[in-house]
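Understanding the architecture of this molecule
For reference, the chains in residue letters:
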Amino acid sequence: MFFNVFPRVYIMTDEKKKVNCVLPILIVILFPIVSECLLCYQCGDTSEHQNCLHDWQGLINTSLGNSTLYKKDCTAMNKNWTMCMIESAETEGKYTLFHRGCTDGESFPEKFNSSRFTNIAANNASTCAYLPGLTRLVCYRYCQTDYCNGPQPPSCNGSSLCDAAGMMVPSRSAVVGISLVVAAVLVF
């Protein structure tokens, strides 16, 4: 039977009673599998006609797990990178920089810094400043969900992500919930 798959561990209490410890052990074992991370698109271009701005299918394939071309696990790279971002610079109406990546929301390239970039909300709305010394319009956009700094994958029935074959892909929270339910069933 399934109940014998996991060894039972008992702890003797002060009252000399056995306490079953399988569920807490399973939770500890499962915890690293579902650790939090923030996945963002990562790419950069210095002209309007490059992939970072226009390769929508490549970006979507990355978000669906079919490619790692534009994938960046921000929190694994730097624990302070808690947001995805788009950084852009325009001169005379043409992009001179377009960058998707990770940010802490506080560090900016010195030449692109402005008081307008203090405390930008992570709501995926652009905050821009004209930098006269560079004759550039510089904009930042922050957000805090996986792959929010680019195109969103198609949805199945309007609520869940799909893979390329149209199959639903469970979210991390769904995987955690399912894992805990399975663990509870195995224990009891």
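Above: the structure in question.
This one's a predicted model, so the numbers in the text were calculated from it and none came from an experiment. (Residues numbered from 1 in each chain as written. Predicted model: local features only at pLDDT ≥ 70, side-chain atom pairs only at ≥ 80, totals over all residues. Heavy atoms only, no water.)

**Re the pairing of strand E6 (residues 83-91)**
For clarity, the cut-off: Burial status follows relative accessibility: with a 1.4 Å probe on protein chains alone, a residue under 20% of its type maximum counts as buried, one over 50% as exposed, and anything between as partly exposed. Note on conventions: DSSP H or I runs of at least 4 residues are helices, E runs of at least 2 residues are strands, and numbering of each starts at the N terminus. Note on pairing: two strands pair once DSSP finds at least 2 bridges between them.
Here E6 lies mainly inside the structure; 7 of its 9 residues are buried. Linking two consecutive strands that pair antiparallel, namely E6 and strand E7 (residues 94-103), is a turn of 2 residues; a positive phi of about 50° is found at Glu 92 within it.

**Things to note about the layout of surface pockets**
Put simply, the rule reads: Buried and open spaces are told apart on a 1 Å grid over the protein atoms alone, a cavity being a set of points where a 1.4 Å probe fits but cannot get out and a pocket being an open set with protein on both sides within 12 Å along at least five of seven lines. Residues with an atom within 4 Å of a point are the lining residues. Grid points are joined across faces, edges and corners, and a volume is the space filled by probe spheres set on the points. For this classification, the nonpolar set comprises Ala, Val, Leu, Ile, Met, Phe, Trp, Tyr, Cys and Pro, the charged set comprises Asp, Glu, Lys and Arg, and every other residue, Gly included, is treated as polar.
Taken as a whole, the second largest pocket encloses approximately 200 Å³ of empty space. Surrounding the second largest pocket, 16 residues form its lining, Ile 86, Tyr 95, Phe 98, Arg 100 and Arg 141 being those nearest its centre. For the lining of the second largest pocket, the secondary-structure elements that each account for two or more residues are E6, E7 and strand E9 (136-143). Each residue belonging to the lining of the second largest pocket can be placed in one class, and the counts come to 9 nonpolar, 5 polar and 2 charged.

**Here's the deal with the nonpolar core**
The test is simple: Nine residue types can take part in a nonpolar core, namely buried Ala, Val, Leu, Ile, Met, Phe, Trp, Tyr and Cys, and a core is a set of them joined through side-chain atoms within 4.5 Å. Contacts are assigned to residue pairs with any non-hydrogen atoms lying within 4.5 Å of each other.
With 13 residues, the main nonpolar core has Phe 112, Phe 117, Val 138, Tyr 140 and Tyr 142 as its most contacted residues. Those elements giving two or more residues to this core turn out to be E6, strand E8 (127-131) and E9. Sequence-distant contacts of Phe 117, defined by excluding residues within four places in its chain, comprise Phe 108, Phe 112, Thr 127, Cys 128, Ala 129, Val 138 and Tyr 140.

**Section: the side chain of Glu 87**
The line we're drawing: Under this rule, positive means Lys or Arg and negative means Asp or Glu; His and the chain ends count for nothing. When a carboxyl oxygen of Asp or Glu lies within 4 Å of a side-chain nitrogen of Lys or Arg, that pair is called a salt bridge.
Along the chain, Glu 87 turns up in strand E6. Lacking a salt bridge, the buried Glu 87 has Lys 111 as its closest oppositely charged neighbour, with an N-O distance of 8.7 Å.

**Topic: the state of the cysteines**
What counts, and what does not: Pairs of cysteine sulfur atoms within 2.5 Å are what we label disulfides.
Scanning the entire structure with this criterion turns up 5 disulfides. Across the disulfide from Cys 40 sits Cys 84; the S-S distance is 1.9 Å. Between Cys 40 and Cys 84 the disulfide shows an S-S torsion of about -85°. By sign, it is left-handed. A residue pair is termed long-range when its members are at least 10 positions apart, and Cys 40 in strand E3 (residues 39-41) and Cys 84 in strand E6 qualify at 44 residues. Of the two residues, Cys 40 and Cys 84, both sit in the buried class. One disulfide bridge connects Cys 74 with Cys 102, the sulfur atoms lying 1.8 Å from each other. Where Cys 74 bonds to Cys 102 through sulfur, the torsion about that S-S bond is close to -70°, and the disulfide is left-handed. With a gap of 28 residues between them, Cys 74 in helix H4 (residues 74-77) and Cys 102 in strand E7 connect regions that are remote in the sequence. Judged on exposure class, the residue Cys 74 and its partner Cys 102 are both buried.

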